[in-house]
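Fold and geometry: a report
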Amino acid sequence: MSVAEDLRSLGASGLTIEAVHNGIDTKAFAPDGPSLDLDGLAGLPPMDQGVVRVGLLGTFARWKGHETFLRALAMLDPALPLRGYIIGGSIYQTDGSQHTVEELKVLAGSLGLGDRLGFTGYVDNPAAAIRSLDIVVHASTQPEPFGMVIVEAMACGKAVVVSRCGGACEIARDRVNALTHEPGNARSLSARIQELATSSSLRAQLGAAGRLTAEQRFNRVRFANEVASIYRRLAGTWN
């Protein structure tokens with residue numbers, strides 16, 4: 001729906017626009033399966049049992065909200081048993097459109113995050129990375145068409161904190177299948193992370209609801225059926 005509105009705003013009001021949400025493999029992205037040693041990838045010592053892991057997965061595009069995430073972590077009580085992870089890397093060809101890992105590490109250092117934060121680099125199995133976390137953060141500061149990582153994390157049964165903008169608003173229902181925060185507002189994001197980090201029951205509740213959302217609304221069979229239906233209708237108009 002968000003993309004449809006963007007098209008209409010660009011002068012496509014005379015066209016027939018049908019929104020079809022993305023589908024994911026809910027067998028590959030599922031609660032059960034392999035996980036990763038995030039601490040080993042980040043070069044950090046292992047954590048004590050019971051420490052909550054919260055991570056942001058994605059490219060280093062500036063609008064993905066890495067700075068907001070880092071500032072949100074820095075606002076948490078250092079005594080809170082939690083470690084944050086930035087999972088991913090730079091993939092774009094233009095430096096101006098993305099952060100470098102060095103830039104983010106400098107910011108993390110200036111915020112005093114120390115070994116409360118790890119950088120894993122690129123991982124080729126995002127489902128395994130997600131299963132290694134307790135909380136997955138979506139921190140985009142600008143509207144995006146969908147937000148695939150939100151649904152992937154939900155499908156893995158993880159509690160998700162979602163930025164209230166763009167297509168993400170069509171996926172997340174606050175306090176039903178996710179918690180939401182104001183885009184770009186580190187204090188708002190920090191409060192949501194704090195709430196989830198201190199309540200295993202809330203994490204479990206949202207994780208179960210998120211898995212159900214992924215299975216019912218974002219599975220690949222639903223996606224294929226909706227796309228096929230559009231093609232069949234178009235084929236009928238050409239006959």
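Provided above is the structure to which this section pertains.
Please read all numbers here as calculations on a predicted model, not as lab measurements.

1. A closer look at the sheet that holds strand S3 (residues 117-121)
Sheet strands line up and pair through hydrogen bonds in the backbone, either parallel or antiparallel. Ordered by their spatial adjacency, 6 strands build an open sheet running S3-S2-S1-S4-S5-S6, and the pairing between neighbours is parallel. Every other strand in the sheet has two partners, leaving S3 and strand S6 (179-181) as the edge strands with one partner each. Mean inter-strand twist for the sheet, computed between neighbouring axes without regard to direction, equals 25°. Pairing analysis gives 3 bridges linking strand S4 (residues 135-137) to strand S5 (residues 159-163), with the strands arranged parallel.

2. A few points about the side chain of Arg116
With respect to the element layout, Arg116 can be found in the loop between helix H4 (101-110) and S3. This buried residue, Arg116, is left without a salt bridge; Asp115 holds the nearest opposite charge, at 6.4 Å. If near-sequence neighbours (up to four positions away) are discounted, Arg116 is found in contact with Leu73, Ala74, Leu76, Asp77, Pro78, Leu82, Arg83 and Gly84.

3. Some thoughts on the state of the cysteines
For the structure shown, the criterion picks out 0 disulfides. For the unlinked cysteine Cys165, the closest cysteine sulfur is that of Cys169, found at 6.4 Å. A relative accessible area of 9% places Cys165 in the buried class.

4. What about the packing of aromatic side chains?
By the definition in use, this model includes 1 aromatic pair. Here Phe146 and Phe218 contribute two aromatic rings whose centre-to-centre distance is 5.6 Å and whose plane-to-plane angle is 70°, an arrangement assigned as edge-to-face. Placement of the pair is Phe146 in the loop between S4 and helix H6 (148-155) and Phe218 in the loop between helix H8 (200-217) and helix H9 (220-238), with a sequence separation of 72 residues. Judged by relative accessible area, Phe218 falls into the buried class, the value being 1%.

5. Topic: the environment of Pro183
Assignment of secondary structure puts Pro183 in the loop between S6 and helix H7 (186-197). Taking the relative accessible area as the measure of exposure, Pro183 reaches 27% and is therefore partly exposed. Linking Pro183 and Val161, residues 22 residues apart in sequence, is a C-alpha distance of 11 Å. Every residue in contact with Pro183, bar those within four places of it in the chain, is listed here: Ser140, Thr141, Ser163, Arg164 and Cys165.

Calculation rules
Residues numbered from 1 in each chain as written. Predicted model: local features only at pLDDT ≥ 70, side-chain atom pairs only at ≥ 80, totals over all residues. Heavy atoms only, no water. Pairing = 2+ DSSP bridges. Helix = DSSP H or I, 4+ residues; strand = E, 2+ residues; numbered from the N terminus. Axes fitted to C-alpha atoms, helices over the stretch in contact; angles between N-to-C directions. Buried < 20%, exposed > 50% of the residue type's maximum accessible area, 1.4 Å probe, protein only. Lys, Arg positive; Asp, Glu negative; His and termini not counted. Salt bridge = Lys/Arg side-chain N within 4 Å of Asp/Glu carboxyl O. Contact = heavy atoms within 4.5 Å. Disulfide = S-S within 2.5 Å. Phe/Tyr/Trp six-rings, centres within 6.5 Å; stacked < 30°, edge-to-face > 60°.

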